[in-house]
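Coordinates in review
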Amino acid sequence: MKIIINIYADTFLLCHEALSMAFALAAFDHQIQLTIGNGMLNLLLDEPTGKLAHMLASLDMYDMPPAWLALADFNRLKAWQANLSADFDWCAQVALKPTTLPYFDTAFDL
């Protein structure tokens, strides 16, 4: 099953639960695509080495593609990265959301 999970939550617990659900579904051979909203991006930027960042960095381990960000949030991430001297693993697991979305069997908005 091809599933998209839109994470619009702005609290650590809800974002953690959404990522945990995505990993559980991916472990059972579902194709999972994550979309990260402004709230979760704020949490990642506030704690770039925190638990959510480590979870996001492990998408490859579950054979999941990079999470999508809307254009404004993607530009904000790139500007944030440009102002840092460090490079974080989770940043490689984020991509710009395509303008034409592929077909998904199910969508979850969290």
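Scroll up a little and you will see the structure.
A short tour of the structure in this document, coming up. Remember, it's a predicted structure, so these values are computed and weren't measured experimentally.

Focus on the nonpolar core
Counting residues in hydrophobic clusters, the biggest one holds 33 residues, and the most contacted among them are Ile32, Leu34, Leu77 and Trp90. Broken down by secondary-structure element, the contributors of at least two residues to this core are β1 (2–7), α1 (12–27), β2 (31–36), α2 (38–46), α3 (51–57), β3 (67–69) and α4 (71–82). Examining the composition of this core, we find that seven residues originate from one element, α1, more than from any other. Discounting residues that sit within four places of it in the chain, leucine 77 has contacts with Leu41, Leu45, Leu69, Trp90, Cys91 and Val94.

Notes on α2
Because each turn of an α-helix spans 3.6 residues, side chains separated by three or four positions end up pointing in the same direction. If you check which residues of α2 are buried, you get Gly39, Met40, Leu41, Leu44 and Leu45. Buried positions along α2 lie against β1, α1, β2, α3, β3 and α4.

Considerations on the packing of aromatic side chains
What the rule picks out here adds up to four aromatic pairs. With 6.2 Å between their ring centres and 75° between their planes, tryptophan 68 and phenylalanine 104 make a pair best called edge-to-face. You can see tryptophan 68 sitting in strand β3 and its partner phenylalanine 104 sitting in the loop between β4 (94–96) and β5 (106–109), a full 36 residues away along the chain. The exposure class assigned to tryptophan 68 is buried, which follows from its relative accessible area of 10%. On the basis of an interplanar angle of 25° and a centroid distance of 5.7 Å, the ring pair of tryptophan 80 and phenylalanine 88 is categorised as stacked. Comparing tryptophan 80 with phenylalanine 88 shows no difference in burial state: the two are buried. Pairwise contacts between aromatic rings join Trp80, Phe88 and Trp90 into one cluster. Lying over the aromatic face of phenylalanine 104, lysine 2 brings its terminal NZ or CZ to 5.5 Å of the ring centre.

Things to note about the sheet that holds β1
Taken together, the five strands give an open sheet; going across it, the order is β4-β3-β2-β1-β5, and neighbouring strands pair in parallel fashion. Unpaired on one side and paired on the other, β4 and β5 mark the two borders of the sheet. Strand-to-strand twist in this sheet, taken as the mean axis angle between neighbours without regard to direction, amounts to 30°. Looking at chain direction, β1 and β5 are connected through four bridges and run parallel. Across the sheet, the residue bridging to asparagine 6 is aspartate 109, located in β5. Relative to the sheet, α1 contacts β1, β2 and β5, its axis offset from that of β1 by approximately 170°. Its contacts with the sheet put α2 on β1, β2 and β3, and the angle it makes with β2 is roughly 80°.

Rules used in this analysis
Residues numbered from 1 in each chain as written. Predicted model: local features only at pLDDT ≥ 70, side-chain atom pairs only at ≥ 80, totals over all residues. Heavy atoms only, no water. Core = buried A, V, L, I, M, F, W, Y, C linked by side-chain atoms within 4.5 Å. Buried < 20%, exposed > 50% of the residue type's maximum accessible area, 1.4 Å probe, protein only. Helix = DSSP H or I, 4+ residues; strand = E, 2+ residues; numbered from the N terminus. Contact = heavy atoms within 4.5 Å. Phe/Tyr/Trp six-rings, centres within 6.5 Å; stacked < 30°, edge-to-face > 60°. Lys NZ or Arg CZ within 6 Å of the ring centre and 35° of its normal. Pairing = 2+ DSSP bridges. Axes fitted to C-alpha atoms, helices over the stretch in contact; angles between N-to-C directions.

Everything listed is a geometric property; what it means functionally is a separate question.
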